[in-house]
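Here is what each chain is made of, one letter per residue.
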Amino acid sequence: MKKIFLLLFITLNTNLFSQIDTTKFIGEVNSIVTNADHERFWNEIYFKDQTFRGRKSNDTIDIINLIKSSLYFNKFGFPDKNIVGDKTYIISSVWGNNKFPEVNKYTFPIIFEGYKLNIIDEKEYRYLSS
């Protein structure tokens, strides 16, 4: 199930995807070793996800965040609250802020898993699964 994300993004938008250097993101995720690395990774995702909303919304940044989050999820699973702190919800925000219906369809089992693990609260779960 976890590996589905990489396939998902290949099919989302071939033109946009082909312009993004995913090798860089794979290296970035593979370089995460310490707790501080995990925290720094999610702080960067959070900053970009929240900064570029509304009129500042940027599809390329949203796609990059989706790819990075998916690569992270494929390697580590859901962000660990003991490592990342209270920002574990960021991964679901990235999924929720996308404009691609395919993402919602393919990520529902993972969203549900996060809900069962109490990583995603009921309000967020309802929003993401609608």
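The structure we're discussing is the one just above.
Residues numbered from 1 in each chain as written. Predicted model: local features only at pLDDT ≥ 70, side-chain atom pairs only at ≥ 80, totals over all residues. Heavy atoms only, no water.

Asker: Quick question: what am I supposed to make of helix α8 (residues 101-116) here?
Answerer: Given 3.6 residues per helical turn, the α-helix brings residues three or four places apart onto the same face. The first and last C-alpha atoms of α8 sit 23 Å apart over 16 residues, in line with the 22 Å expected at 1.5 Å per residue. Among the residues of α8, Val103, Thr107, Ile110, Ile111 and Gly114 are the ones counted as buried. Looking one or two residues beyond α8, the residue adopting positive phi is Asn118, at roughly 65°. (Helix = DSSP H or I, 4+ residues; strand = E, 2+ residues; numbered from the N terminus. Expected span 1.5 Å × (residues − 1). Buried < 20%, exposed > 50% of the residue type's maximum accessible area, 1.4 Å probe, protein only.)

Asker: How should the pattern of salt bridges be read in this particular structure?
Answerer: For side chains of opposite charge, pairing can occur when their charged atoms come near one another. Scanning the entire structure with this criterion turns up four salt bridges. Residue Glu44 is joined to Lys48 by a salt bridge in which the shortest nitrogen-to-oxygen separation is 3.3 Å. Of this pair, Glu44 and Lys48 both sit in helix α4 (residues 35-51), four residues apart, which is roughly one turn of the helix. On the accessibility criterion, Lys48 (29% relative accessible area) is partly exposed. (Salt bridge = Lys/Arg side-chain N within 4 Å of Asp/Glu carboxyl O.)

Asker: When you look at the nonpolar core in this model, what are you seeing that I'm missing?
Answerer: Most often, soluble globular proteins keep nonpolar side chains buried together rather than apart. Ranked by internal contacts, the top residues of the largest apolar core, which has 26 residues, are Phe41, Trp42, Phe78 and Trp95. Of all the secondary-structure elements, those providing two or more residues to this core are α3 (22-30), α4, α5 (59-76), α7 (90-96), α8 and α9 (122-129). In terms of residue count, α5 provides more of this core than any other element does, six residues in total. Excluding its chain neighbours within four sequence positions, the residues that come into contact with Trp42 are Ser69, Tyr72, Pro79, Val84, Ile90 and Ile91. (Core = buried A, V, L, I, M, F, W, Y, C linked by side-chain atoms within 4.5 Å. Contact = heavy atoms within 4.5 Å.)

Asker: What should I look at first to understand the packing of aromatic side chains in this one?
Answerer: In this description, a pair of aromatic rings is defined by centroid distance and the angle of the planes. Per the counting criterion, the structure on display carries six aromatic pairs. Ring centres of Phe73 and Phe78 lie 5.1 Å apart, and the angle between their planes is 85°; on these two criteria the pair is classed as edge-to-face. The two residues Phe73 and Phe78 agree in class, both being buried. A network of ring pairs unites the aromatic residues Phe41, Trp42, Tyr72 and Phe76 as a single cluster. (Phe/Tyr/Trp six-rings, centres within 6.5 Å; stacked < 30°, edge-to-face > 60°.)

Asker: Whenever I open this one, the packing of α4 against α5 confuses me. Can you help?
Answerer: In a packed pair of helices, the relevant descriptors are the angle between the two axes and the axis-to-axis distance. Orientation of α4 relative to α5, taken along the N-to-C sense of each, is 155°, at an axis distance of 10 Å. By the angle class used here, α4 and α5 are roughly antiparallel. Along this stretch, α4 crosses α5, giving a crossing that reads as left-handed. Contact residues: α4 offers His38, Phe41, Trp42, Glu44, Ile45, Lys48 and Asp49, while α5 offers Ile61, Asn65, Lys68, Ser69, Tyr72 and Phe76. Broken down by class, the residue content of the contact of α4 with α5 amounts to six nonpolar, three polar and four charged. (Axes fitted to C-alpha atoms, helices over the stretch in contact; angles between N-to-C directions. Parallel < 35°, antiparallel > 145°, perpendicular 65-115°, else oblique. Left-handed = near helix turned anticlockwise from the far one by under 90°. Nonpolar A, V, L, I, M, F, W, Y, C, P; charged D, E, K, R; others polar.)

Asker: Please clarify how the environment of Ile61 should be interpreted in this entry.
Answerer: Considering the arrangement of structural elements, one finds Ile61 in helix α5. Note: C-alpha distance between Ile61 and Lys48 (13 residues apart in sequence) is 7.3 Å. Beyond its immediate stretch of four places on either side in the chain, Ile61 contacts Lys48 and Phe52.

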